[in-house]
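Residue strings, one per chain:
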Amino acid sequence: MKRIVSGIKPTGTLTLGNYLGAIKQFVKLQQKMTDCEFYLFIADMHAITTRQVPAELRKRTLDIAAMYLACGLDRERTVLYIQSEIPQQTELGYILQSNVYMGELERMTQYKDKVAKQETSITSSLFTYPALMAADIILYDADYVPVGDDQKQHLELTRTIAQRFNNYYGDFFTVPEPLIPEVGARIMDLQNPEKKMSKSDENDKGYISMFDDEASIRRKIRSAVTDSFGIIRFDPENQPGLANLLTIYASCTDQSIEEIKDQYQDKSYKEFKDDLAEVVVGVLKPIHDAYQTIVKSQELQDILDHGRDIASDYAFKKMRKCKRKIGVGRK
Ligand code: ATP
Ligand code: LTN
């Protein structure tokens, strides 16, 4: 059986970008790829690469677990777990640090962007992050990894690391393939459509949180930056704000951008935005309602216990073999 693995960091709030770029794809893939197993986790060890408040981190970890389920993942076919509860993931992350070069890590744009934003107090784990991410994936011999566009480079490095390990020690890890959605892989900031919608942004007008109430969603869409052309067309270069809104519409409704463009050809931006707000509220409200029940439930705890046990079992066996391969410890 093929295995799909992906994770989300519990930093900041989940955004519409995380939903359309990642979680919605997981749900769609589950419907399409009925012969695959899904290993989905909350990447709390990645979250601490930047300073977190412990109580908030713990709360957000559960929030994300509940959100995964509220979005409609099939509970029977999902192994849902928390990264820190599988210590072999971190252990392999350390081993993989010895299979990746400084120059490769220095080229990672996510790292470079974060350094540019933060400038001081850059932790060494933020730098070595891609080794841990590679471990998250190859420990389980993932065949496919569904992610948004921003993770493409990390996935390429994961493949390089797996191949390098296999070349030196003999075939051992499956080399994974990324799965990046055609529409919705890069949802942009509503106030600055040149940069991706990010949950760690200080300006909350730029992103729609999955926890936003209806009024905030409507307000944020109404005040999203567009342009002065006044014509509804898909032109990311000259009308990036509008192109982003069209992408959000298409991704939420599973319609093509072409269809939506035709539908709104003679309409004003205001009419389009009002309808888009309804579409987004229509998607997020039922998820939010489901989340509120799930987050408090014992079932969530049981699912996470079960996920930890299944993932642990695989991780334990794979790591034992891995250590034998590389010659650490006694045989
Ligand atoms: P940050 O913005 O704080 O760096 P993040 O949202 O990029 O965090 P994660 O929460 O780990 O980091 O991302 C989870 C998944 O959501 C990844 O697959 C990522 O590619 C996807 N994703 C994140 N932002 C967007 C976006 N704006 N558009 C599409 N997909 C996104
Ligand atoms: N690095 C990713 C989150 C992440 C991930 C993973 C995604 C950590 N481990 C494994 C897919 C597979 C990010 O910053 N968005």
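The structure this text deals with has already been given above.
**Considerations on the side chain of asparagine 99**
Moving on, step 1. Topologically, asparagine 99 is positioned in the loop between helix H4 (87-97) and helix H5 (102-106).
Moving on, step 2. The exposure class assigned to asparagine 99 is buried, which follows from its relative accessible area of 9%.
Moving on, step 3. The contact partners of asparagine 99, leaving out residues within four places of it in the chain, are Ile161, Arg164, Phe165 and Tyr169.

**Some words on the site of ligand 1**
Moving on, step 1. Around ligand 1 sit 21 residues, and of these Asp150, Lys196, Ser198, Lys199 and Ser200 come closest.
Moving on, step 2. A distance of 2.9 Å is found between an oxygen atom of ligand 1 and a side-chain nitrogen or oxygen belonging to asparagine 18.
Moving on, step 3. In the model, an oxygen atom of ligand 1 is placed 2.5 Å from a nitrogen or oxygen of the aspartate 150 side chain.
Moving on, step 4. Top contributing element to the shell around ligand 1 by residue count: helix H1 (residues 16-32), with four residues.
Moving on, step 5. Of the residues contributing to the shell around ligand 1, the split by class is six nonpolar, nine polar and six charged.

**What to know about the pairing of strand E1 (residues 2-8)**
It is a general feature of regular strands that their side chains alternate between the two faces of the sheet.
Moving on, step 1. Buried residues dominate E1, accounting for five of its seven residues.
Moving on, step 2. Bridging between E1 and strand E2 (residues 36-42) involves seven bridges; their strand directions are parallel. Opposite valine 5, over in E2, you have tyrosine 39 as the bridge partner.
Moving on, step 3. The handedness of the E1 to E2 crossover, carried by H1, is right-handed.

**Quick word on the site of ligand 2**
Moving on, step 1. Among the 13 residues in the neighbourhood of ligand 2, the closest are listed as Lys9, Tyr129, Met133, Asp136 and Gln151.
Moving on, step 2. A distance of 2.8 Å separates an oxygen atom of ligand 2 from a polar atom in the side chain of tyrosine 129.
Moving on, step 3. Its free accessible area being 370 Å², ligand 2 has 92% of it covered by the protein chains.
Moving on, step 4. Where the shell around ligand 2 is concerned, the elements lending two or more residues are E1 and helix H7 (124-138).
Moving on, step 5. Ranked by the residues each element gives to the shell around ligand 2, the list is headed by H7, at four residues.
Moving on, step 6. Here the residues of the shell around ligand 2 are counted per class, giving six nonpolar, five polar and two charged.

**Re the packing of aromatic side chains**
Moving on, step 1. Here the structure, examined in full by the defined rule, presents 16 aromatic pairs.
Moving on, step 2. Seen from their ring centres, tyrosine 39 and tyrosine 140 are 5.3 Å apart, and the 50° between their planes marks the pair as tilted. Of this pair, tyrosine 39 sits in strand E2 while tyrosine 140 sits in the loop between H7 and strand E4 (144-146), and the two are 101 residues apart along the sequence.
Moving on, step 3. Ring centres of tyrosine 249 and phenylalanine 272 lie 5.7 Å apart, and the angle between their planes is 15°; on these two criteria the pair is classed as stacked. Taken together, the positions of tyrosine 249 in helix H10 (residues 240-253) and phenylalanine 272 in helix H12 (residues 269-295) put the pair 23 residues apart, joining distant regions of the chain. Residues tyrosine 249 and phenylalanine 272 agree in their burial class; the two are buried.
Moving on, step 4. The structure contains a cluster of three or more aromatic residues connected by ring pairs, namely Tyr39, Phe41, Tyr81, Tyr140 and Tyr314.
Moving on, step 5. The ring of tyrosine 314 carries arginine 3 above its face, with NZ or CZ at 4.4 Å from the centroid.
Moving on, step 6. Residue placement shows lysine 318 over the ring face of phenylalanine 172; its charged tip is 4.0 Å from the ring centre.

**Points about the nonpolar core**
Moving on, step 1. Residues Leu16, Tyr19, Tyr68, Leu80, Ile248, Phe272 and Val280 are the most contacted members of the largest nonpolar core, which totals 57 residues.
Moving on, step 2. What tyrosine 68 contacts, discounting residues up to four positions off in sequence, is Ser6, Gly7, Ile8, Phe26, Leu40, Phe41, Ile42, Leu73 and Leu80.

**A few points about the pattern of salt bridges**
Moving on, step 1. Under the definition given, this model contains 21 salt bridges.
Moving on, step 2. A salt bridge links glutamate 104 to arginine 164, with the nearest nitrogen and oxygen atoms 2.6 Å apart. With glutamate 104 in helix H5 and arginine 164 in helix H8 (residues 152-169), the pair connects residues that are 60 residues apart, well separated along the chain.
Moving on, step 3. Given the relative accessible area of 12%, glutamate 104 is considered buried.
Moving on, step 4. Salt-bridge contacts for aspartate 313 lead to lysine 317; the nearest nitrogen and oxygen are separated by 3.2 Å. Of this pair, aspartate 313 and lysine 317 both sit in helix H13 (residues 298-326), four residues apart, which is roughly one turn of that helix.

The rules we used
- Residues numbered from 1 in each chain as written.
- Chains lettered and ligands numbered in written order.
- Predicted model: local features only at pLDDT ≥ 70, side-chain atom pairs only at ≥ 80, totals over all residues.
- Heavy atoms only, no water.
- Helix = DSSP H or I, 4+ residues; strand = E, 2+ residues; numbered from the N terminus.
- Buried < 20%, exposed > 50% of the residue type's maximum accessible area, 1.4 Å probe, protein only.
- Contact = heavy atoms within 4.5 Å.
- Near = heavy atom within 4 Å.
- Polar contact = N/O pair within 3.5 Å; in protein donor to acceptor, adjacent residues only side chain to side chain.
- Nonpolar A, V, L, I, M, F, W, Y, C, P; charged D, E, K, R; others polar.
- Pairing = 2+ DSSP bridges.
- Right-handed = clockwise from strand over helix to strand, strands pointing away.
- Areas by Shrake-Rupley, 256 points an atom, 1.4 Å probe, with all protein chains shown as cover.
- Phe/Tyr/Trp six-rings, centres within 6.5 Å; stacked < 30°, edge-to-face > 60°.
- Lys NZ or Arg CZ within 6 Å of the ring centre and 35° of its normal.
- Core = buried A, V, L, I, M, F, W, Y, C linked by side-chain atoms within 4.5 Å.
- Salt bridge = Lys/Arg side-chain N within 4 Å of Asp/Glu carboxyl O.

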